[in-house]
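Take a look at the letters that make up each chain.
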Amino acid sequence: MGNAALEGLEDSNTLNTEVKSQLRGEVLFIRALTYFYLVNLFGDVPFATSTNYEENRILSRMPVSEVYEHITMDLIEAKALLGANYISGERTRANSSAVSALLSRIYLNTDQWNAAEMEASTVINNTSLYNLEPEVANEFLKESTSAILQFKPKTEGGNTEEAITFIFESGPPPLVSLDPQLIEEMEVGDKRQEFWIGEVTDGNATWYYPNKYKYNTNTGASMEYSIVFRLAEQYLIRAEARARLNNLLGALEDINAIRNRAGLINTIATTQNEILEAILQERYHELFSEFGHRWFDLRRFGLANEILAPIKPGWKPTDVLLPLPENELLMNPNLTPQNPGY
């Protein structure tokens, strides 16, 4: 769909240059975001850049490193095309800060620490648009000053799919619930436990659910939009990049900004390894149930097998990647071999 949009923009004789540039930047951003998730879920994947089905049906898988290069090229072009301001009154379409937010994530995943720090700083330092919400209770309201990019509900008065999926009122939960270990590991006084985690009990057992988004029905006027990128992640990305670069004071400054906002004292971590461990834990407590952050973090830190093997029956080390869909393999034999373990 993205490639079709890009080709349509190129061929259009009615859209002016300004509109073409805006739309091209947005489509490139969306293509890059899509491939970020594809490459993290499936590993090597083909990177299609056209709608030519004869070419696309025989594409081979591209190494992860090359996919990241294509993603980065898309984002660099998108950043040059998109302005700093939002083109509407809401944060629902990509601007240059949304591009920087994704670039910082890409650079973190590819061990480009200086670039990750620079892109995260670009967003953090834009205080005219972005600030950490002083109260965690307001973090996920649609007016949040921490939001960089949001998905708007498809109907007026609707809210988020997250709230519809996660919130339950009786146990056992119908779909999913939080691992009690998350709650047990949170420090006393952590406001995120108070405001972002809901609890249900039947008198014998207790279950927990993500309560970041609180409105799971139509509220007349929408109260919450699904946040794709928010400022706290940028602080944690910069903290990790700085720690990897041995700028430990800078890393501590960023992680403590997140901890202090949550009502916690400064971290006691001092060494590089301790700070990296503290950042991973802080990401767990700050970003849980948001767009797969915890899963990707465990893979990135090489901890997926260690953490998941004891708690997931049938877990295998090869489960860090999903299997390629069988119908795709049948249509295009160049996608073989299947990911290991399947």
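Residues numbered from 1 in each chain as written. Predicted model: local features only at pLDDT ≥ 70, side-chain atom pairs only at ≥ 80, totals over all residues. Heavy atoms only, no water.

A look at the overall build of the protein chain
The number of helices and strands found in the protein chain is 15 helices and 4 strands. Principal-axis analysis of the C-alpha atoms places the extent of the protein chain at approximately 60 × 50 × 50 Å. Residues counted as buried form 47% of the 342 residues belonging to the protein chain. Excluding contacts between residues fewer than 6 apart, the proportion of contacts in the protein chain whose partners are at least 24 apart in sequence is 66%. The protein chain carries 28 positive and 47 negative side-chain charges, and their two centres are separated by 2 Å. (Helix = DSSP H or I, 4+ residues; strand = E, 2+ residues; numbered from the N terminus. Buried < 20%, exposed > 50% of the residue type's maximum accessible area, 1.4 Å probe, protein only. Contact = heavy atoms within 4.5 Å. Lys, Arg positive; Asp, Glu negative; His and termini not counted. Charge placed at Lys NZ, Arg CZ, Asp CG, Glu CD.)

Focus: the side chain of Gln-234
Position of Gln-234 among the secondary structure elements: in helix H10 (residues 231–244). Note on Gln-234: relative accessible area 0%, which makes it buried.

Quick notes on the pattern of salt bridges
Summed over the entire model, instances satisfying the criterion amount to 27 salt bridges. Asp-190 serves as the salt-bridge partner of Arg-192, at 2.9 Å between the closest nitrogen and oxygen. (Salt bridge = Lys/Arg side-chain N within 4 Å of Asp/Glu carboxyl O.)

What to know about the packing of helix H4 (residues 64–81) against helix H5 (residues 96–109)
The interhelical angle for the contact between H4 and H5, taken along N-to-C directions, is 155 degrees, at an axis separation of 9 Å. By the angle between their axes, H4 is roughly antiparallel relative to H5. Note on packing geometry: the crossing formed by H4 with H5 is left-handed. Taking contact as the criterion, the partners of Tyr-68, Ile-71, Thr-72, Leu-75, Ile-76, Ala-78 and Lys-79 in H4 are, on H5, Ser-96, Val-99, Ser-100, Leu-102, Leu-103, Ile-106, Tyr-107 and Asn-109. (Axes fitted to C-alpha atoms, helices over the stretch in contact; angles between N-to-C directions. Parallel < 35°, antiparallel > 145°, perpendicular 65-115°, else oblique. Left-handed = near helix turned anticlockwise from the far one by under 90°.)

A short note on the nonpolar core
Counting residues in hydrophobic clusters, the biggest one holds 55 residues, and the most contacted among them are Phe-29, Val-67, Ile-71, Leu-75, Leu-102, Ile-148 and Phe-229. Residue assignment for this core shows that the elements contributing at least two residues are helix H2 (17–42), H4, H5, helix H6 (113–124), strand S1 (147–151), strand S4 (226–230) and H10. With 10 residues, the top contributor of residues to this core is H2. When residues no more than four places from it in sequence are discounted, the contact partners of Phe-29 are Leu-75, Ala-78, Ala-94, Ala-98, Val-99, Leu-102, Leu-149 and Phe-229. (Core = buried A, V, L, I, M, F, W, Y, C linked by side-chain atoms within 4.5 Å.)

Quick word on the pairing of S4
Every regular strand shows the same layout, with side chains that alternate between the two sheet faces. Here S4 lies mainly inside the structure; 5 of its 5 residues are buried. In this structure, S1 lies alongside S4, joined through 4 bridges in antiparallel fashion. Paired with Ala-147 across the bridge in S4 is Arg-230. (Pairing = 2+ DSSP bridges.)

Quick look at the packing of aromatic side chains
Applying the stated rule across the entire model yields 10 aromatic pairs. With a centroid separation of 6.3 Å and 70 degrees between ring planes, the pair formed by Phe-151 and Phe-291 is classed as edge-to-face. Note that Phe-151 is positioned in strand S1 and Phe-291 in the loop between helix H12 (272–287) and helix H13 (293–300), a separation of 140 residues in sequence. What makes Phe-151 partly exposed here is its relative accessible area of 43%. Positioned above the aromatic ring of Phe-288, the side-chain terminus of Lys-212 is 4.1 Å from the ring centre. (Phe/Tyr/Trp six-rings, centres within 6.5 Å; stacked < 30°, edge-to-face > 60°. Lys NZ or Arg CZ within 6 Å of the ring centre and 35° of its normal.)

Things to note about the pairing of strand S2 (residues 197–201)
As paired strands, S2 and strand S3 (residues 206–210) are joined by 5 bridges and run antiparallel to one another. Bridge pairing in S3 places Val-200 opposite Trp-207.

Observations regarding H6
Each turn of an α-helix holds 3.6 residues, which means side chains three or four residues apart point in the same direction. Spanning 12 residues, H6 covers 16 Å between terminal C-alpha atoms, matching the ideal 16 Å at 1.5 Å per step. The buried fraction of H6 is high, at 9 of 12 residues. Looking at the packing, one finds that the buried side of H6 touches H4, H5, S1 and H10. (Expected span 1.5 Å × (residues − 1).)

Focus on H13
Listing the buried residues of H13 in full gives His-293, Phe-296, Asp-297 and Leu-298. Of the surrounding secondary structure, the elements contacted by the buried residues of H13 are H2, H5, H10, H12 and helix H14 (304–308). Two residues or fewer past H13, Gly-302 is found with a positive phi of approximately 70 degrees.

Comments concerning the packing of H2 against H13
Put simply, H2 and H13 touch, their axes get as near as 11 Å, and they point 55 degrees apart. Accordingly, the angle class assigned to the pair H2 and H13 is oblique. For H2 against H13, the interelement crossing comes out left-handed. On H13, the residues touching Phe-36, Tyr-37, Asn-40 and Leu-41 of H2 are Trp-295, Phe-296 and Arg-299. Of the residues assigned to the contact of H2 with H13, the class counts are 5 nonpolar, 1 polar and 1 charged. (Nonpolar A, V, L, I, M, F, W, Y, C, P; charged D, E, K, R; others polar.)

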